[in-house]
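Structural overview for review
Next come the chains, spelled out residue by residue.
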Amino acid sequence: MAVQENSSQSCLYDAVVVGAGIQGSFTAYHLAKRGQKTLLLEQFPLPHTRGSSHGQSRIIRSAYPQDYYVAMMKGAYQLWAVLEAEAGTRLHRPTPMLVLGQQQNPEFQSFWQMLQRHDIPHDVLTPQALAQKYPEIHPHGREMAVADLTAGVLYPDKALQAVQEQFRRSGGTVRDGEKVLSILPGNVVTVTTNRGEYRAKRLVITAGPWSSHLLAPLGMQLPLQPLRIHVYYWRAKDPGACSHVEHLPCFLGINLNQEAHDIYGLPTDEYPGLVKICYHHGSPVEPDRPDQLDQASAVPDLQILQGFVRNYLPWLDPEPAVQERCMYTNTPNEDFILDRHPQFHNIVIGAGFSGHGFKFAPVIGEILCQLSLGEEPPYDLAHFRISRFPASPQAAL
């Protein structure tokens, strides 16, 4: 359990943040740096692997098919650099990321256009140039690629530890192993856990797959779907092909093999010599019972990825060497929720990061901090508002 500081339960906090994953931890970090007396609550003992913020490797990239994400990533890169300087350690390593797709595919074209529009350093590779520069990748369907030259691999476990440590150094308090049992809204919010009661002027909820459980008693029924995601690691068939692993860039495949969701991969640090390849979708699950899947709705991700490996990376063994899992919490269109509660404006919600939010965490934390303080962030948040949902809930208690 984390060492506790400033943990008197009788005091009034400026802010309580529920959920100490990467989004909540960065939110608490920004609040503490703004001089706010902040408590960060986590239901599980830290560190843990129950949510969406663990592991040794995640892709960081500027490439997105939407303007608003590209703009946010510019701020995220700057804030990651600030944390690295504060912590005195590297939290990522640069490596190009290839966006693979058919030239006529509208989503692929949007990736390409955004890189051009925002002057993001990139290369364009025809199928012939792709095969020549990256012979490890076989463009089975005559795909081309655009290479995001700003991309890299983030170190999630190190990043989470670093931001929590800087939060503590700014005077913040972490209390792990404390599950929130109830939230009583008001000008002063009361948060009751299995260990005590806390009062705060403002509350931020960043509880990942457990967000719906906390929001329902506050009159919020948001379309959040927790998914269990399988993470697969693959080894080369021939030990002589290990150079392929070393030279392989990160990649994101758009509708390859006519699949409905993207396939992504990267060389890993957690298992040297293996390649991490995943399907960007999963099977619906109840977060407190991740082992219980409804087989009728289970996604055949392994079969999809085996087909991809055979066609595009045939030098890899089609049977994965290691299988792990994590959780996504998806919105219907995979855009985040970053907004104030429609009735209780001192309660802010950060949720639905849909498997692609980790890289944005420094800027998401800043946005949630600003919303909590009654400020308007310098980003277009229209795509992240609760009101965007067709049956947007009006809180009614």
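Here, every reference points to the structure presented above.
Residues numbered from 1 in each chain as written. Predicted model: local features only at pLDDT ≥ 70, side-chain atom pairs only at ≥ 80, totals over all residues. Heavy atoms only, no water.

Think of two packed helices as two axes; the pair is described by the angle between the axes and how far apart they sit. Between helix α1 (residues 22–33) and helix α9 (residues 361–372), the least distance of the axes is 7 Å, while the angle of their chain directions is 55°. If you check the angle between α1 and α9, you find them oblique. In the packing of α1 onto α9, the handedness of the crossing is right-handed. For the pair α1 and α9, contact is made by Ile22, Gln23, Phe26, Thr27, His30 and Leu31 and by Ala361, Pro362, Ile364, Gly365, Glu366, Leu368, Cys369 and Ser372, respectively. When the residues that make up the contact of α1 with α9 are grouped by side-chain class, the tally is eight nonpolar, five polar and one charged. (Axes fitted to C-alpha atoms, helices over the stretch in contact; angles between N-to-C directions. Helix = DSSP H or I, 4+ residues; strand = E, 2+ residues; numbered from the N terminus. Parallel < 35°, antiparallel > 145°, perpendicular 65-115°, else oblique. Left-handed = near helix turned anticlockwise from the far one by under 90°. Contact = heavy atoms within 4.5 Å. Nonpolar A, V, L, I, M, F, W, Y, C, P; charged D, E, K, R; others polar.)

With that settled, the discussion passes to the sheet that holds strand β3 (residues 58–60). Pairing between sheet strands relies on hydrogen bonds along the backbone, with the strands arranged either parallel or antiparallel. With antiparallel pairing, three strands are arranged side by side in an open sheet as β3-β8-β4. Two strands lie at the open edges of the sheet, namely β3 and β4 (92–94), each paired on one side alone. For this sheet the average axis-to-axis angle between neighbouring strands, irrespective of direction, equals 30°. Summarising the sheet, β3 and strand β8 (residues 152–154) pair through three bridges and their orientation is antiparallel. What sits directly across from Ile59, in β8, is Val153. (Pairing = 2+ DSSP bridges.)

In the structure shown here, the tally under the stated rule is 19 aromatic pairs. Ring geometry for Tyr69 and Phe360: centres 5.3 Å apart, planes at 50°, overall tilted. Of this pair, Tyr69 sits in helix α2 (residues 67–87) while Phe360 is found in the loop between β20 (347–351) and α9, placing the two residues 291 residues apart along the sequence. On the basis of relative accessibility, which here comes to 1%, the residue Tyr69 falls in the buried class. On the accessibility criterion, Phe360 (0% relative accessible area) is buried. For the ring pair Tyr69 and Phe384, a centre distance of 5.7 Å and an interplane angle of 55° mean the geometry is tilted. Within this pair, whereas Tyr69 is found in helix α2, its partner Phe384 is found in the segment after α9, the two being separated by 315 residues in sequence. (Phe/Tyr/Trp six-rings, centres within 6.5 Å; stacked < 30°, edge-to-face > 60°. Buried < 20%, exposed > 50% of the residue type's maximum accessible area, 1.4 Å probe, protein only.)

Any functional reading would require information that these geometric values do not contain.
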